[in-house]
Amino acid sequence: MKKLIIIFTILMSIVPTFAFDLENNTAFENCVSITAPAVSVTDEGYVGAAVDIDVKVSNGEGHAYMDTLPLTDIDMQGSARIASKVAFDICGIDQDSHDVYYIIRSDVPTVGGPSAGAVLTVATIAAINNWTLNKNVMMTGMIGPDGTIGPVGGILEKINVGAEQNVDYFLIPYGQQYQIDENNNSVDCIEYGQNLGIKVVEVSNIYDVVYYFTNHDISTDYEKNPIIDGKYNEIMEKLSEVTLENAKKSLEETEKLDLSELNSSEKEKFEEELKTASNLVYLGNELHSNEKYYTATSRSFNSLIIFETLQSKYNYKDNESIKNYLLGVNESISEKKGELSNVTLTKHNIEYVFSAKSRVYEASELMDEAFYQYDEGNLSSAIEYAAYAKLRAETGIWWLELSPEEQNPEKIDEKDLKYLAREYLDNSEIVVVYTSTVLSEELTAYPMSQIDDSIDLYNKKEYLLSMSKSIDAYVYSTMFLEYTTDVDYLSNLAQKKINKAENCMLNTENNSEYIPVSALSYFEYAENLDDKYSKILYFKYSIAYAQMNMDVLKEFDSSAFNYKEESAFCEISKNSDNTNTFGFDYKNCFINITYLITGLVSGFLICMWYRKNN
């Protein structure tokens with residue numbers, strides 16, 4: 001009997017403690033299931049197929065794992081990595097403290113292509129927040145690092161999959177309403193879906209996708225930071241003043257040139273170029289007065305290039321003098337490279353060092369083209385490239401001189417950006433490779449060259465420059481793919497990204513000194529352009545650089561990300577089938593069973609004791 005009492009005492013002390021530990025366990029682990037459409041190649045042609053995906057998010061170390069049956073192409077794995085990053089960015093949760101598992105099952109022989117990127121993203125967001133997914137919604141679309149939804153193929157076949165799965169909504173990328181069928185006929189996807197009993201909806205960003213799949217409208221509004229905006233204006237005003245002053249000085253020097261030595265044709269061309277440059281100076285001055293400082297700087301800079309070109313063509317006319325001019329410009333650029341290599345990188349000057357290095361490196365590239373043109377006998381073109389290179393390098397130093405003075409600078413090592421630079425390179429390469437499969441070699445030549453440059457710079461441990469090239473490659477690839485022609489959406493997204501970056505900086509010490517200068521300046525420039533294509537291009541640059549600001553800041557100050565997105569629940573469909581596929585029910589069930597067993601054992605022992613003593 002004594003043994004039974006001892007066992008009873010041990011159980012009463014251990015089991016409740018164990019159950020209490022389970023009940024208060026802070027481990028995080030959520031999982032959701034989603035079905036994505038795919039396209040399979042058969043003897044009858046392309047046919048749609050369903051792909052089952054489980055996404056699990058748990059505490060971890062920032063890894064994204066993939067378990068697939070059958071195997072997937074490399075671009076599928078890349079899409080999963082981008083999806084994970086976008087999801088955590090949108091939710092405002094530190095990705096480095098979590099792991100994501102993507103479990104993919106399909107009857108398709110090989111799952112490939114980036115078309116499941118948006119599906120993976122929305123599933124990851126749902127898993128992070130423990131939200132259920134509407135089973136009556138299906139979609140296809142590529143995901144970009146900025147949250148935009150990119151174009152994909154096989155949309156008609158995928159809508160057929162949606163019909164087989166009895167969905168009510170099928171989401172497709174914005175701008176892909178009309179598709180070409182197997183008979184080369186144009187098909188309206190919305191009408192095609194209606195005939196199958198499906199409402200086809202175009203979406204341009206992941207926020208719309210989340211709304212349809214979860215009934216949650218994620219709050220993406222951030223207050224502007226007046227301190228940072230004020231600092232930005234002060235910085236850009238200085239740059240505009242320097243550029244405008246140099247432009248006015250060059251205008252005076254160019255106007256003093258004696259044109260009597262030129263023939264009538266040369267004189268007419270000279271005067272036309274001079275007039276164009278003079279108008280740019282006037283416009284730059286007007287924009288400066290209206291406090292559009294970066295746009296004013298751009299106009300003044302363009303005038304400087306023209307002035308330098310006119311003066312150089314006037315002064316250097318034979319092979320020898322032109323060659324000496326090119327050598328002089330090249331030597332000046334080399335000196336500026338040396339100056340930049342000696343700059344100590346800090347958290348507060350990294351934005352300016354980044355801008356300076358990018359411009360001086362671009363100047364070096366321009367000089368390569370200048371020498372090529374010279375060797376080909378195109379002396380006029382050689383001067384034009386060299387003039388542009390000379391001014392581009394000078395602006396790099398002007399940007400560097402905008403760096404704030406620091407008494408106790410917080411030094412950082414560029415080597416710490418190695419993995420971030422690799423991530424940027426990989427993400428951009430995924431987009432560029434996909435672009436090369438659907439567009440001509442001519443259209444993808446520039447993005448491909450930027451990827452090559454990014455790889456080269458990465459291997460040279462020039463991680464800031466590598467990131468710059470990766471951004472160039474991504475922005476131009478998405479332009480060619482026409483991710484979206486919705487200018488208003490891009491403008492709003494850019495503003496939200498900038499505001500979000502500024503809010504991150506509010507959480508850091510001395511936050512007013514870390515200014516997202518590039519993102520703000522590109523946004524300002526896009527706002528003042530008339531050409532739609534150019535507006536889209538620079539809004540995309542603004543979005544990319546705002547994201548880069550947050551990524552870089554995160555590398556050196558994780559406290560900047562102590563925030564979380566808010567969401568509102570909205571009903572969008574009466575047919576929603578929300579089923580929580582994973583939660584803490586198993587754990588709670590186990591805890592209850594543990595208490596039940598403890599009670600039964602206790603009752604049994606008490607009963608035995610009572611019988612023994614009576």
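- By the naming in an unreviewed UniProt entry, the chain goes by Lon proteolytic domain-containing protein and is assigned to Methanococcus maripaludis.

1. Concerning the sheet that holds strand E5 (residues 137–139)
Moving on, step 1. Taken together, the three strands give an open sheet; going across it, the order is E5-E8-E11, and neighbouring strands pair in parallel fashion. Looking at which strands have only one partner, the edges of the open sheet turn out to be E5 and strand E11 (199–203). For this sheet, the mean inter-axis angle between neighbouring strands, taken without regard to orientation, is 25°.
Moving on, step 2. In terms of strand pairing, strand E8 (residues 169–173) meets E11 through five bridges, oriented parallel. In the strand pairing of E11, Ile-172 is matched with Glu-202.
Moving on, step 3. Its contacts with the sheet put helix H6 (residues 206–214) on E5, E8 and E11, and the angle it makes with E5 is roughly 150°.

2. Side note on helix H18 (residues 532–556)
Moving on, step 1. Taking 1.5 Å as the rise per residue, H18 with 25 residues should run 36 Å; its terminal C-alpha atoms sit 37 Å apart, in good agreement.
Moving on, step 2. The element H18 is extensively covered by neighbouring structure, given that 19 of its 25 residues are classed as buried.

3. Observations concerning the pattern of salt bridges
Moving on, step 1. As enumerated under the stated definition, the model contains 16 salt bridges in all.
Moving on, step 2. A salt bridge links Glu-362 to Arg-392, with the shortest nitrogen-to-oxygen separation between them at 2.8 Å. Of the two residues, Glu-362 sits in helix H11 (residues 350–375) while Arg-392 sits in helix H12 (residues 379–400), which places them 30 residues apart along the sequence.
Moving on, step 3. Its salt-bridge partner being Lys-469, residue Asp-453 comes within 4.0 Å of it at the nearest N-O pair. Remark: Lys-469 occurs in helix H15 (residues 463–481) and Asp-453 occurs in helix H14 (residues 441–459); sequence separation between them is 16 residues.
Moving on, step 4. By relative accessible area, which is 7% here, Lys-469 ends up buried.
Moving on, step 5. Three or more residues joined by partner-sharing salt bridges are found here, namely Lys-85, Asp-89, Glu-423 and Asp-551.

4. Things to note about the side chain of Arg-392
Moving on, step 1. Arg-392 gets classed as buried once you look at its relative accessible area, which sits at 16%.
Moving on, step 2. Beyond its immediate stretch of four places on either side in the chain, Arg-392 contacts Phe-301, Arg-359, Glu-362, Ala-363 and Leu-366.

5. A word on helix H8 (residues 264–289)
Moving on, step 1. Given a rise of 1.5 Å per residue, 26 residues ought to cover 38 Å, and the 37 Å separating the end C-alpha atoms of H8 matches this to within 8%.
Moving on, step 2. Within H8, burial applies to Phe-270, Leu-274, Ala-277, Leu-280, Val-281, Gly-284, Leu-287 and His-288.
Moving on, step 3. Looking at the packing, one finds that the buried side of H8 touches helix H7 (226–255) and helix H9 (293–315).
Moving on, step 4. Measuring from the side-chain oxygen of the N-cap residue of H8 to the backbone nitrogen of Ser-265 gives 3.2 Å; that N-cap residue is Asn-263.
Moving on, step 5. After H8 finishes, the residue Glu-291 shows a positive phi value of roughly 65°.

About the criteria used
- Residues numbered from 1 in each chain as written.
- Predicted model: local features only at pLDDT ≥ 70, side-chain atom pairs only at ≥ 80, totals over all residues.
- Heavy atoms only, no water.
- Pairing = 2+ DSSP bridges.
- Helix = DSSP H or I, 4+ residues; strand = E, 2+ residues; numbered from the N terminus.
- Axes fitted to C-alpha atoms, helices over the stretch in contact; angles between N-to-C directions.
- Contact = heavy atoms within 4.5 Å.
- Expected span 1.5 Å × (residues − 1).
- Buried < 20%, exposed > 50% of the residue type's maximum accessible area, 1.4 Å probe, protein only.
- Salt bridge = Lys/Arg side-chain N within 4 Å of Asp/Glu carboxyl O.
- Polar contact = N/O pair within 3.5 Å; in protein donor to acceptor, adjacent residues only side chain to side chain.

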